[in-house]
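Residue-level listing of the chains:
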Amino acid sequence: MPAPVLAPAILALSLLAAAPAQSATLLPMPAHLSGAAATDKVVLAARRYAAFWQSGDPALARLALADDFTDRSLPAGRPQGLAGPLQASQVFHAAVPDLQVAIEDMLVAGDRVSLRLHFTGRFTGVFPTPQGPLQGQGQAIDFYAFDLYRVNAQGRISDNWHLEDNLTLLRQLGVLAP
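Anyway, here's the lowdown on the structure attached to this text.

Rules used in this analysis
- Residues numbered from 1 in each chain as written.
- Predicted model: local features only at pLDDT ≥ 70, side-chain atom pairs only at ≥ 80, totals over all residues.
- Heavy atoms only, no water.
- Pairing = 2+ DSSP bridges.
- Helix = DSSP H or I, 4+ residues; strand = E, 2+ residues; numbered from the N terminus.
- Axes fitted to C-alpha atoms, helices over the stretch in contact; angles between N-to-C directions.
- Contact = heavy atoms within 4.5 Å.
- Core = buried A, V, L, I, M, F, W, Y, C linked by side-chain atoms within 4.5 Å.
- Buried < 20%, exposed > 50% of the residue type's maximum accessible area, 1.4 Å probe, protein only.
- Polar contact = N/O pair within 3.5 Å; in protein donor to acceptor, adjacent residues only side chain to side chain.
- Salt bridge = Lys/Arg side-chain N within 4 Å of Asp/Glu carboxyl O.

**Remarks on the sheet that holds strand E2 (residues 65-71)**
Then, in step 1: Overall, mixed pairing links the six strands, which are arranged E1-E3-E4-E7-E8-E2 in an open sheet. With partners counted over all chains shown, the strands left at the sheet margins are strand E1 (32-34) and E2, one partner each. Across the sheet, the mean angle separating the axes of adjacent strands is 25° when strand polarity is ignored.
Then, in step 2: Pairing analysis gives nine bridges linking strand E3 (residues 100-109) to strand E4 (residues 112-123), with the strands arranged antiparallel. Opposite Val 108, over in E4, you have Val 113 as the bridge partner.
Then, in step 3: Against the sheet, helix H4 (residues 83-95) makes contact with E2, E4 and strand E7 (139-151), and its axis sits at roughly 30° relative to E4, the strand it touches most.
Then, in step 4: Sitting on the sheet, helix H5 (residues 166-173) touches E4, E7 and strand E8 (157-164), and the angle it makes with E7 is about 150°.

Right, here's the structure in full:
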């Protein structure tokens, strides 16, 4: 096999080996990457965090996030620190168990990385609303989010600023009228 074909496979295996044994999740590769190599620690932290959102595996969140992780755009009711993403992921995976997360774009500048993430799946579970639990009927979920991370010297995300297309998501869930 030519070297260019082997390189992505070797990279994927080496990054998987860097994850804990209990996590067999492959890290999403960005469709478009600018400003760094795919092996850069800033890129690796972002890919681990995307893999956490896709899998719901808390071990990936712990690998991706610094002990002093701060959500700089914390939604109301979500706890600060690691507990926030763990709680949000659990709620979202209960509603959309087959969640897929693709990194459409990734741009790295120093210790910062910005991502355009594409979330897809089917709403087959239960989503909490102020009116009570809402049961999914298999409707398609398809929305985007934008994240900006600051990655510390240890290669873990210390700060996160994010915007999700929650209007689209809530309409697809049936919480809001189209």
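**Quick word on the nonpolar core**
Then, in step 1: Counting residues in each nonpolar core, the largest one holds 39 residues, and the members touching the most others are Tyr 49, Val 113, Phe 119 and Tyr 149.
Then, in step 2: Listing elements by their share of this core, those giving two or more residues are helix H2 (41-55), helix H3 (58-64), E2, H4, E3, E4, E7 and H5.
Then, in step 3: Sorting elements by how many residues they give to this core places H2 first, with ten residues.
Then, in step 4: What Phe 119 contacts, discounting residues up to four positions off in sequence, is Trp 53, Phe 92, Leu 99, Gln 100, Val 101, Ile 141, Asp 142, Phe 143 and Ala 145.

**Looking at the environment of Asp 159**
Then, in step 1: Along the chain, Asp 159 falls in strand E8.
Then, in step 2: Put simply, Asp 159 and Phe 69 are 90 residues apart on the chain and 5.8 Å apart in space, counted from C-alpha to C-alpha.
Then, in step 3: Those residues within four positions of Asp 159 in sequence are excluded, and the remaining contacts are Phe 69, Thr 70, Arg 72, Leu 148, Tyr 149 and Arg 150.
Then, in step 4: Within the local environment of Asp 159, its side chain forms a polar contact with the side chain of Arg 72, the two groups lying 2.7 Å apart.
Then, in step 5: At 2.9 Å, the side chain of Asp 159 forms a polar contact with the side chain of Ser 158.

**Regarding the pattern of salt bridges**
Once their charged atoms are close, side chains differing in charge can pair, the charge on each being opposite to the other.
Then, in step 1: One pass over the structure, following the stated rule, counts six salt bridges.
Then, in step 2: In this structure, Asp 67 engages Arg 156 in a salt bridge whose closest nitrogen and oxygen atoms are separated by 3.3 Å. Pair noted here: Asp 67 is in strand E2 and Arg 156 is in the loop between E7 and E8, with a separation of 89 residues, a long-range link.
Then, in step 3: Judged by its relative accessible area of 76%, Asp 67 is exposed.
Then, in step 4: The class for Arg 156 is partly exposed, based on a relative accessible area of 23%.
Then, in step 5: Where Arg 150 meets Asp 159, a salt bridge forms, and the shortest distance between an N and an O atom there is 2.9 Å.
Then, in step 6: For Arg 150, a relative accessible area of 25% gives the class partly exposed.
Then, in step 7: Connected through shared salt-bridge partners, Arg 72, Arg 150 and Asp 159 make up one network.

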